[in-house]
There are 2 protein chains.
Amino acid sequence: MKNKLSVVKIGGNVIEDEKALDVFLTAFSKLEGLKILVHGGGKLATQLATKLGIESKMIDGRRITDAETVDIITMVYGGLANKKIVAQLQAKNTNAIGLSGADGDSIQAHKRPVKEIDYGFVGDIDSVNSGLLTKLLSADLTPIFCALSHDGAGQLLNTNADTIASEIAIGMASSYETTLYYCFEKKGVLMDIADENSVVKHIDSDTYQELLSDGIIANGMLPKLHNCFHALNNSVSKVCLGDVTMLDKETELFTTIKL
Amino acid sequence: MKNKLSVVKIGGNVIEDEKALDVFLTAFSKLEGLKILVHGGGKLATQLATKLGIESKMIDGRRITDAETVDIITMVYGGLANKKIVAQLQAKNTNAIGLSGADGDSIQAHKRPVKEIDYGFVGDIDSVNSGLLTKLLSADLTPIFCALSHDGAGQLLNTNADTIASEIAIGMASSYETTLYYCFEKKGVLMDIADENSVVKHIDSDTYQELLSDGIIANGMLPKLHNCFHALNNSVSKVCLGDVTMLDKETELFTTIKL
């Protein structure tokens, strides 16, 4: 029987809020078994860029990562957010180790090819170094990933944290019974966007199609659910969607997705 | 017989200069055997602080690390400098992994007690987690340390990079035949400060006393040499002082210190 592994992704809104982050990290530190955390950096990078007078370039609502911006992201995600999370987890008796995709060659990627839009230093993931992660987990370490990959030629690349989480879960799924947790600002997939408690508790391939055709899953939830099913179709056992309370054993109100 | 280990410290002046950094990292990547790098961040932190309008507080020429400053240092040393070095070493076939003292609980410290001066969030090292470093080295990883330790209660602490290097070397000396390299802007200890080539090639306990009484070792060299002998008195085999070319096998002009 395979060992269990939890891959947890927290969004920028948690990172930005000191109290919410502390609540989350306490729950994460209590989560039993092997675990990996992936975090974004939220508005912190934009805030620092603004303070430094660096314009955030957006095309069609998507951020363009120029050389200055990748430096900002490296400082804020790879430095400030990552190291603070690691230090706080150490205080909660979790032996955390912070990683970018360059560290230990853990996430190899390539710069997104320029088609209609040049996204700049944005990485599309080629592979996850599951051998390294297995060694770290075996040494009782808990890897904490920021949203940076690298191209193997010396360049760090800004990479979507949701994608990093699903690719890590997929990469580990052959060795571990892997659950992927997407922790965000909602309690899960909602039947009624105006009702926080209208959580769809269970989704499978069939109900997914129904929710899609009924327009329940729309807008920002589309790529998130796409990531979930991509993971499930690549041997990840289960995906859970919910807010910071999801990791607490007592919490029942979140969405569980299985094939 | 013990395995050999090199602990190399590079100063801020190398970090700040892209070309010098590349030359150094090429030499470091070619250094045979097990190795650990420790880097400062030089003026990069002060530059960012200035851009953000944060005043650098100094008392008697020593930096005071308030909460804002430790955040800046975490961004610049722990984020930008550390991750860039790691990514560049990956491109040079060295499987680098970047660490602050919080990562893997690698360097435990306590906040310097307030006496006449309150240095703020500055750490004095209590212990180095040599067990973790041995595991990482055994996994063919090369640890890259920035100048941050932690107090185990969630606080990152600004810590002198020379001291981190000597304490790591001391911590590893019972398991490895350890050489400590201090790489700085001079070619070594100079007999005549005005003559770059007047390098004292070999120093031992006796010649150290002579150089001290003759005033050859003075000012900024005093704490550096103190660190060297502290390491040698605590089982480190050898300390080398020189510039970025020191790691090159062909270079003969640097200072070697043994008891």
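Data block above holds the structure.
Note that the structure is a prediction, hence the values are computed from the model and not measured.

J.: Now, about the pattern of salt bridges: what can you tell me, with residues and values included?
T.: Residues and elements named next belong to chain A. For the structure on display, the rule yields 22 salt bridges over all chains. Here Asp243 makes a salt bridge to Lys187, at a shortest N to O gap of 3.3 Å. Pair noted here: Asp243 is in the loop between β13 (238-242) and β14 (255-257) and Lys187 is in the loop between β11 (176-183) and β12 (202-203), with a separation of 56 residues, a long-range link. By sharing partners, the salt bridges in this structure join Lys9, Asp162 and Lys224 into a single network.

J.: Report on helix α6 (residues 161-172) of chain B, specifying residues and quantitative values.
T.: Residue and element names in this part refer to chain B. With twelve residues, α6 extends 16 Å between its outermost C-alpha atoms, agreeing within 8% with the 16 Å of an ideal straight helix rising 1.5 Å per residue. Judged by how many residues are buried, α6 sits mostly within the fold: nine of twelve residues are covered. For α6, the side-chain oxygen to backbone nitrogen distance between the N-cap and Asp162 is 2.9 Å, and the N-cap itself is Asn160.

J.: For the sheet that holds strand β13 (residues 238-242) of chain B, give the residues involved together with the corresponding values.
T.: Residue and element names in this part refer to chain B. Spatially, β5-β8-β2-β1-β11-β13-β14-β12 is the arrangement adopted by the eight strands of the open sheet, whose pairing is mixed. On the outer flanks of this sheet lie β5 (96-99) and β12 (202-203), each paired with one strand and no other. By the bridge criterion, six bridges tie strand β1 (residues 3-10) to strand β2 (residues 34-39) in an arrangement that is parallel. Residue pairing for β2: Lys9 is matched across the bridge by Val38. The strands touched by α6 within the sheet are β1, β2, β8 (142-145) and β11 (176-183), with β11 carrying the most contacts at an inclination of about 170°.

J.: Any chance you could break down the packing of aromatic side chains for me, citing the residues and the numbers?
T.: Taken as a whole and assessed by the stated rule, the structure comprises four aromatic pairs over all chains. Residues B:Phe24 and B:Phe28 carry aromatic rings whose centres are separated by 6.0 Å and whose planes lie at 20° to one another, so their mutual orientation is stacked. Of the two residues, B:Phe24 and B:Phe28 are both situated in helix α2 (residues 18-30); the distance of four residues between them amounts to about one turn of the helix. The exposure classification of B:Phe24 matches that of B:Phe28, with both residues buried. Each ring, one from B:Tyr208 and one from B:Phe229, has its centre 4.0 Å from the other, and the planes form 10°; the classification is stacked. Here the residue B:Tyr208 occupies a position in helix α7 (residues 205-213), and B:Phe229 occupies one in helix α8 (residues 221-232), the gap between them amounting to 21 residues. No difference in accessibility class separates B:Tyr208 from B:Phe229, as the two residues are buried. Between the NZ or CZ atom of A:Lys35 and the centre of the ring of A:Phe28, over which it lies, the distance is 5.2 Å.

Reading the values: the criteria
- Residues numbered from 1 in each chain as written.
- Chains lettered and ligands numbered in written order.
- Predicted model: local features only at pLDDT ≥ 70, side-chain atom pairs only at ≥ 80, totals over all residues.
- Heavy atoms only, no water.
- Salt bridge = Lys/Arg side-chain N within 4 Å of Asp/Glu carboxyl O.
- Helix = DSSP H or I, 4+ residues; strand = E, 2+ residues; numbered from the N terminus.
- Expected span 1.5 Å × (residues − 1).
- Buried < 20%, exposed > 50% of the residue type's maximum accessible area, 1.4 Å probe, protein only.
- Polar contact = N/O pair within 3.5 Å; in protein donor to acceptor, adjacent residues only side chain to side chain.
- Pairing = 2+ DSSP bridges.
- Contact = heavy atoms within 4.5 Å.
- Axes fitted to C-alpha atoms, helices over the stretch in contact; angles between N-to-C directions.
- Phe/Tyr/Trp six-rings, centres within 6.5 Å; stacked < 30°, edge-to-face > 60°.
- Lys NZ or Arg CZ within 6 Å of the ring centre and 35° of its normal.

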